[in-house]
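# Tertiary structure, described
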Amino acid sequence: MLQPPITPPAQADAALKRQGHAVLDAAGLCTALDTTPEALGRWPAFWNRLPPDQHLRDGGRYRRRRHGCFVVKGAQVTPVPHRAHWQPVEYNALHGGIERWFEPIEPALVDDPLWQRLLVMLAERASALRGEQPWYIEAHPFRIDTEGGIGRPTPEGAHRDGVDLVAVTLVAREHIKGGETRVFEADGPHGLRFTMTQPWTTLLLDDSRVIHESTPIQPDGAGGHRDTLVITLRAGGFQGP
């Protein structure tokens, strides 16, 4: 497995501007959040309680998830009333054009000061990229499992999300093969591929410049699964019909 090209936290903004992507390792994420791996260690239990995704159009039963929305202005994080997740078909040919209602993120996670620090840190990265402004954030805790044989982290294929910044954090990777991350220039020939194996590795993407996908996973033992936290930041408002 190819290891991700790690970016020092102090160089993340420059890397995003230069090439449209950056990868923080676990130590880098902890530095960016001024925290420790032990503090982040409180979070994986929330992934054990994710309900099934009822909206998969490929007939699969391999995905569990929750959803939450927030507005970040400066250092202020404001949760918004629970709402549907919606994407246009131009960005998600499989699931676009429909309102998808998921169970909300558990309050104990949303109220964790570290959760709010993460959202503020990501908003700072988006502001460095696009200019300081309020950021409309959607958060998606995912579990892709291999109980049915194959799990698909991105059943829609290589895609953009119609936002400004995407952050993909690996929370856990247990007893699986595959799950390679691929990032390609949206308007060019170049790309890279790697596999995130270390929990808390975080991929940052300028959604206007790159497309991304993760390859399917297969079991490599009982209980195989891949847990991620995907957070998107968008200027001007949430996507909606």
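Residues numbered from 1 in each chain as written. Predicted model: local features only at pLDDT ≥ 70, side-chain atom pairs only at ≥ 80, totals over all residues. Heavy atoms only, no water.

Another point: the nonpolar core. Formed by 42 residues in total, the largest nonpolar core has its most connected members in W43, W115, L118, I231 and L233. For this core, the leading source of residues is helix α6 (residues 113-130), giving 10 residues. The contacts of L118, once residues within four sequence positions are left out, are L29, L33, W43, L229 and I231. Counting 13 residues, the second-largest nonpolar core is a separate cluster that includes V163, V168, V183 and L203. (Core = buried A, V, L, I, M, F, W, Y, C linked by side-chain atoms within 4.5 Å. Buried < 20%, exposed > 50% of the residue type's maximum accessible area, 1.4 Å probe, protein only. Helix = DSSP H or I, 4+ residues; strand = E, 2+ residues; numbered from the N terminus. Contact = heavy atoms within 4.5 Å.)

Here F238 shows up in the segment after β13 (225-234). Residues F238 and Y136 lie 102 residues apart in sequence; the distance between their C-alpha atoms is 5.9 Å. Among residues more than four places away in sequence, those in contact with F238 are C69, F70, V71, V80, R83, Y136, I137 and E138.

With antiparallel pairing, 3 strands are arranged side by side in an open sheet as β9-β8-β11. Each having just a single partner strand, β9 (191-194) and β11 (210-214) make up the two edges of the open sheet. In this sheet, neighbouring strand axes are inclined to one another by 10 degrees on average, regardless of whether the strands run parallel or antiparallel. As judged from the 5 bridges shared by strand β8 (residues 181-185) and β11, these two strands associate in the antiparallel manner. Paired with E185 across the bridge in β11 is V210. (Pairing = 2+ DSSP bridges. Axes fitted to C-alpha atoms, helices over the stretch in contact; angles between N-to-C directions.)

In a regular helix each residue adds 1.5 Å, so 18 residues correspond to 26 Å; α6 covers 26 Å between its end C-alpha atoms and thus fits that length. The set of residues buried in α6 consists of L114, W115, L118, L119, V120, M121, L122, A123, R125, A126, S127 and L129. Two or three places before L114, at the start of α6, stands the capping residue D112, its side-chain oxygen 2.8 Å from that residue's backbone nitrogen. Positive phi shows up at G131, right after α6, with a value of about 105 degrees. (Expected span 1.5 Å × (residues − 1). Polar contact = N/O pair within 3.5 Å; in protein donor to acceptor, adjacent residues only side chain to side chain.)

What is shown is where atoms sit, not what they do.
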